[in-house]
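Given next are the chains, with one letter for each unit.
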Amino acid sequence: MFVPVGERAPVFNGFTLITPAVSVGNVGQLAVDLIISTLDMVRAGHFHTDCLIPMAGNNPYSRGDQDAALLSTNAEVYCRTDLQLAVLQIRTPILPMKMKSFRKLLVSWIKASGFSRTVLLSSCHAHQRDDQQLLSSPLRYLLTPGLRTEGTEGTEGMLQRLGWREMERVSAFPGVTDSDTQRLYIPGGGITKALYNDCCSENISMVVLLLFCSEGDNVPDAFTLVNHLNDWLHLLDKPVQGCVPWRTPSSWRLLFGSGVPPLIF
Amino acid sequence: MATFFGEVLSVYSRAVEEDDYDDVEEENEEDLQIRREIEEKREVHIRWCPEVSKAVESAEKLQCSDLIIAVGPNAAGFVSAYILSSEGWMQVGWVSLWNERSRSSTRPDTAPLPGEPGCVFYQQKSCPSVLICQCTCYIAEDQLFHLAEKVLGSMQSRGLTVTVLSDSPLTEYKTSHYVNGNGAPFLRALKTSTFTHNLPCPLLEQPNIITGLPAAVLNQCQVQHIQAVLFQCFSDVLHPDSVTMETYKPALSCLSTRVKLETRPNMEILQKLTRVNDAHSNLYT
């Protein structure tokens, strides 16, 4: 259930929604953090649901003591009206028994809000790649049928001009030539595949961007994913030299624990 | 996973489950039935005493000015030794729930006995609008949301102030400088947008977060625009102890004048609570 922060519910009609799938390395969630932090997005509301593990903290994007005191919850919606952009950040895992109801909730909210398109940022286990995939870039995309029919000027043409590749379908039994069941296989992608299928059947325009990665320090993966996204959506201007100046949020400090005791040196 | 030194570590992975939802999609009627039964069994119920339950079921719901929720051994111990030890409180309700780790599962229709893990509500006799919820049992992740929703849903949210007391080990506190035991125990606060009082301690700094029942209660209060504050105590003592319990004193005394706080803890109760600290089986006892 979406609960707006202010008295009036925001209007998302025609907006682009970016949301992460809770997936391997939390790459989508980290990338979304970078977008919210860099674009100074305003919190529009909470996504209040029993499908996620509860969590609370102070403002994860604070720049000092003045804006630190802001209770943030496990799922929140941020927006920038001038960019027609809304972002749903999910900060905790989905309860295993509630995967289906969470997808249903998300799909019905996307439909009710009237988003023009939804971008799902996700990731997939790097060790599951086949030989072909190992040799190419780690980025893949998936489009729902609604976005495919637009022709070369549409989303698909745009993504192909960027040199992106569609996520390959794999055969259920590799090596057995007479099996013609090609299926989508996204291990470590959480609800990615099921949500994509839901959006296909519900006729929602969705683009899935996913990165092959492994567990560990996934901050570089998040930068890779968000840079690719920026190549397509142009959220930030790309400088002539160097890379896009993404701002890491203050909550990314101490990813590897607290300070060490000075006496050990 | 066994390490080089041979000890076995439980490995926590951030990787989510494999792509096995294909099977979940093809549920038959029997699977759904089993799923429904499990969900029913895990449902959370609050059992109020007859007088309170009348108020909860009425249109105005239960009138409550202050609700104090104590979660964790130290917070619950503080409430027992400093507040509930006086005669002015009576038990008005308890939570009935079932999960893998809650012991009360065998008797779902009787209140937990004193000293038994459980989640119990107390009401102040002199001022019935003050309630305390003392929670010492394990509540599973999927039950937290519903418990918070049911507790706050049974109360009139206008004029309500929720205070959550909770504790966690010092090792979970993240800070850029090294924390040794000298500063511990200490309090950190977290408040909802509508809470405007001054706080007796610093706010919980990022990247520290809280989970569990305190987080579920704060989330619920935030979306319902209820004034709520959490005091999280970080302690370097493994078991409940009197020094840690005392850190909650300034937090509570400055907030709620309606709650009578004993200046000295009840020694008998305190002794009972901290008995686990005593050495039991060394060479000399």
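Small disclaimer: the values here were computed from a predicted structure and weren't measured.

### Let's talk about the overall build of chain B
Here is step 1 of the chain: Scanning chain B from N- to C-terminus turns up nine helices and nine strands.
Here is step 2 of the chain: For chain B, buried positions account for 39% of its 285 residues.
Here is step 3 of the chain: Contacts spanning at least 24 positions in sequence make up 78% of the contacts within chain B whose residues lie at least 6 apart.

### Thoughts on the overall build of chain A
Here is step 1 of the chain: A tally of helices and strands in chain A yields seven helices and 13 strands.
Here is step 2 of the chain: Radius of gyration (C-alpha) of chain A: 19 Å, near the 18 Å computed for a compact globule of 265 residues.
Here is step 3 of the chain: With respect to the principal axes defined by its C-alpha atoms, chain A has extents near 65 × 55 × 45 Å.
Here is step 4 of the chain: Relative to its full complement of 265 residues, chain A shows a buried share of 40%.

### Focus: the sheet that holds strand β2 (residues 16–20) of chain A
Residues and elements named next belong to chain A.
Here is step 1 of the chain: Read across the sheet, nine strands follow the order β1-β3-β6-β7-β2-β8-β13-β9-β10 without closing on themselves; strand pairing throughout is mixed. Each of the sheet's edge strands pairs with one partner strand only, and the pair in question is β1 (2–4) and β10 (165–166).
Here is step 2 of the chain: Relative to strand β6 (residues 75–80), strand β3 (residues 42–47) runs antiparallel, the two sharing four bridges. Paired with Gly45 across the two strands is Val77, which belongs to β6.
Here is step 3 of the chain: Contacts from helix α1 (residues 27–38) reach β2, β6, β7 (85–90), β8 (117–125) and β13 (206–213) within the one sheet, and its direction differs from that of β7 by about 135°.

### Here's the deal with the pairing of β6(A)
Residue and element names in this part refer to chain A.
Here is step 1 of the chain: Among the six residues in β6, five count as buried, and that is most of the element.
Here is step 2 of the chain: By the bridge criterion, six bridges tie β6 to β7 in an arrangement that is antiparallel. Bridged to Ala75 within β7 is Ile90.
Here is step 3 of the chain: Taking the residues that link successive antiparallel strands as the turn, the β6-β7 hairpin has four residues, and the phi of Gln84 there is positive, at about 55°.

### What to know about unusual backbone geometry
Residue and element names in this part refer to chain B.
Here is step 1 of the chain: The omega torsion across Ala184 and Pro185 is -5°, close enough to zero to call that bond cis.
Here is step 2 of the chain: By secondary structure assignment, the location of Pro185 is in the loop between β6 (161–169) and β7 (186–191).
Here is step 3 of the chain: Here Gln206 and Pro207 are connected by a cis peptide whose omega angle stands at 5°.
Here is step 4 of the chain: With respect to the secondary-structure elements, Pro207 resides in the loop between β7 and β8 (209–211).

### Description of the interface of chain B and chain A
Here is step 1 of the chain: Tallying the contact residues gives 36 residues for chain B and 45 residues for chain A.
Here is step 2 of the chain: For the side of chain B that touches chain A, the secondary structure elements donating two or more residues are α5 (141–153), β7, β8 and α6 (212–223) of chain B.
Here is step 3 of the chain: Sorting elements by how many residues they give to the side of chain B that touches chain A places α6(B) first, with six residues.
Here is step 4 of the chain: Partitioned by chemical class, the residues of the side of chain B that touches chain A number 17 nonpolar, 12 polar and seven charged.
Here is step 5 of the chain: Where strand β4 (residues 55–57) of chain A and β8(B) come together, three bridges link them in antiparallel fashion. Looking at the pairing, Gly57(A) lines up with Ile209(B) of β8(B).

### So, the nonpolar core
Here is step 1 of the chain: The biggest cluster of nonpolar side chains holds 70 residues, and the ones touching the most others in it are Ile69(B), Ala70(B), Val217(B) and Leu218(B).
Here is step 2 of the chain: It is helix α4 (residues 73–83) of chain B that provides the largest number of residues to this core, a total of seven residues.
Here is step 3 of the chain: Apart from the residues within four sequence positions on either side, Val217(B) is in contact with Ile69(B), Ala148(B), Val162(B), Val164(B) and Ala228(B).
Here is step 4 of the chain: Counting residues in each nonpolar core, the second largest holds 65 residues, with Leu106(A), Val207(A), Leu209(A) and Trp246(A) among its members.

### Observations regarding the packing of α5(B) against α6(B)
All names here are of chain B.
Here is step 1 of the chain: Two elements in contact, α5 and α6, have axes separated by 9 Å at closest approach and are oriented at 50°. Taken as axis vectors, α5 and α6 run oblique relative to one another. Two packed elements cross with a definite hand, and for α5 against α6 that hand is right-handed. On α6, the residues touching Leu144, Phe145, Leu147, Ala148, Glu149 and Leu152 of α5 are Gly212, Leu213, Ala216, Val217, Gln220 and Cys221.
Here is step 2 of the chain: Split by residue class, the contact of α5 with α6 holds nine nonpolar, two polar and one charged.

### Focus on the sheet that holds β4(A)
Backbone hydrogen bonds hold the strands of a sheet together, and the pairing may be parallel or antiparallel.
Here is step 1 of the chain: Here we have three strands laid out as an open sheet, ordered β5(A)-β4(A)-β8(B), and antiparallel in their pairing. At either end of the open sheet lies a strand with only one pairing partner, and these are β5 (72–73) of chain A together with β8 of chain B.

### Points about the packing of α1(A) against helix α7 (residues 219–233) of chain A
Residues and elements named next belong to chain A.
Here is step 1 of the chain: Two elements in contact, α1 and α7, have axes separated by 8 Å at closest approach and are oriented at 65°. In this structure, the crossing between α1 and α7 has a hand that is right-handed. Side by side, α1 and α7 meet where Val27, Leu30, Ala31, Leu34 and Ile35 of the first sit next to Val219, Asp221, Ala222, Leu225 and Val226 of the second.
Here is step 2 of the chain: Grouping the constituent residues of the contact of α1 with α7 by class yields nine nonpolar, no polar and one charged.

### What about the environment of His239(B)?
Here is step 1 of the chain: As for its placement among the helices and strands, His239(B) is situated in the loop between β9 (227–235) and α7 (242–246).
Here is step 2 of the chain: A count of 15 C-beta atoms within 10 Å places His239(B) in the partly exposed class.

### Quick look at the environment of Met99(A)
Here is step 1 of the chain: Within the secondary structure, Met99(A) is located in helix α2 (residues 99–113).
Here is step 2 of the chain: Distance in space between the C-alpha atoms of Met99(A) and Arg117(A) is 22 Å, their sequence separation being 18 residues.

### Topic: α5(B)
Residue and element names in this part refer to chain B.
Here is step 1 of the chain: Between its first and last C-alpha, α5 extends 19 Å over 13 residues, near the 18 Å set by a 1.5 Å rise per residue.
Here is step 2 of the chain: Three or more residues of α5 are buried, namely Gln143, Leu144, Phe145, Leu147, Ala148, Val151 and Leu152.
Here is step 3 of the chain: On its buried side, α5 packs onto β1 (45–48), β3 (89–96), β5 (130–135) and α6.

### What to know about the confidence of the model for chain B
All names here are of chain B.
Here is step 1 of the chain: Of all residues in chain B, 84% have pLDDT values of 70 or greater, and the mean over the chain is 83.
Here is step 2 of the chain: By mean pLDDT, helix α1 (residues 21–25) is the weakest element of chain B at 53, and α6 is the strongest at 95.
Here is step 3 of the chain: Interface predicted TM-score (ipTM) for the complex: 0.89; the corresponding pTM is 0.89.

Criteria and thresholds
Residue indices follow the written sequence of each chain, beginning from 1 at its first position. To read the labels, note that chains go from A and ligands from 1, taken in the order they are written. Totals for whole chains, interfaces and linings use all residues, but because this is a predicted model, local features are given only for residues with pLDDT of at least 70 and pairs of side-chain atoms are given and counted only at 80 or more. The numbering of helices and of strands both runs from the N terminus, where a helix is a DSSP run of H or I of at least 4 residues and a strand a run of E of at least 2. In this scheme every C-beta is placed from the backbone, and a residue whose C-beta has 20 or more other C-beta atoms within 10 Å is buried, one with 12 or fewer is exposed, and one in between is partly exposed. By definition, residues are in contact whenever their C-beta atoms, placed on the basis of the backbone, come within 7 Å of each other. As defined in this context, the radius of gyration uses C-alpha atoms, and a globule is described by 2.2 Å times the residue total to the power 0.38. Whether two strands pair depends on DSSP finding at least two bridges between them. Simply put, an axis is a line fit to the C-alpha atoms, just over the touching stretch for a helix, and the angle between two N-to-C directions goes from 0 to 180 degrees. Throughout this entry, Asp, Glu, Lys and Arg are counted as charged residues, while Ala, Val, Leu, Ile, Met, Phe, Trp, Tyr, Cys and Pro are counted as nonpolar. The remaining residues, Gly among them, count as polar. Under the definition applied here, buried Ala, Val, Leu, Ile, Met, Phe, Trp, Tyr and Cys residues are grouped into a nonpolar core through C-beta atoms within 7 Å. Oblique is the label for any angle not under 35 degrees, not over 145, and not in the 65 to 115 range, which are roughly parallel, roughly antiparallel and roughly perpendicular in turn. Here a crossing is called left-handed whenever its near helix is offset anticlockwise from the far helix by less than a right angle, and right-handed whenever the offset is clockwise. Helix span, as expected, comes to 1.5 Å for every residue beyond the first. Every residue carries a pLDDT, the predictor's confidence in it, which falls somewhere between 0 and 100.

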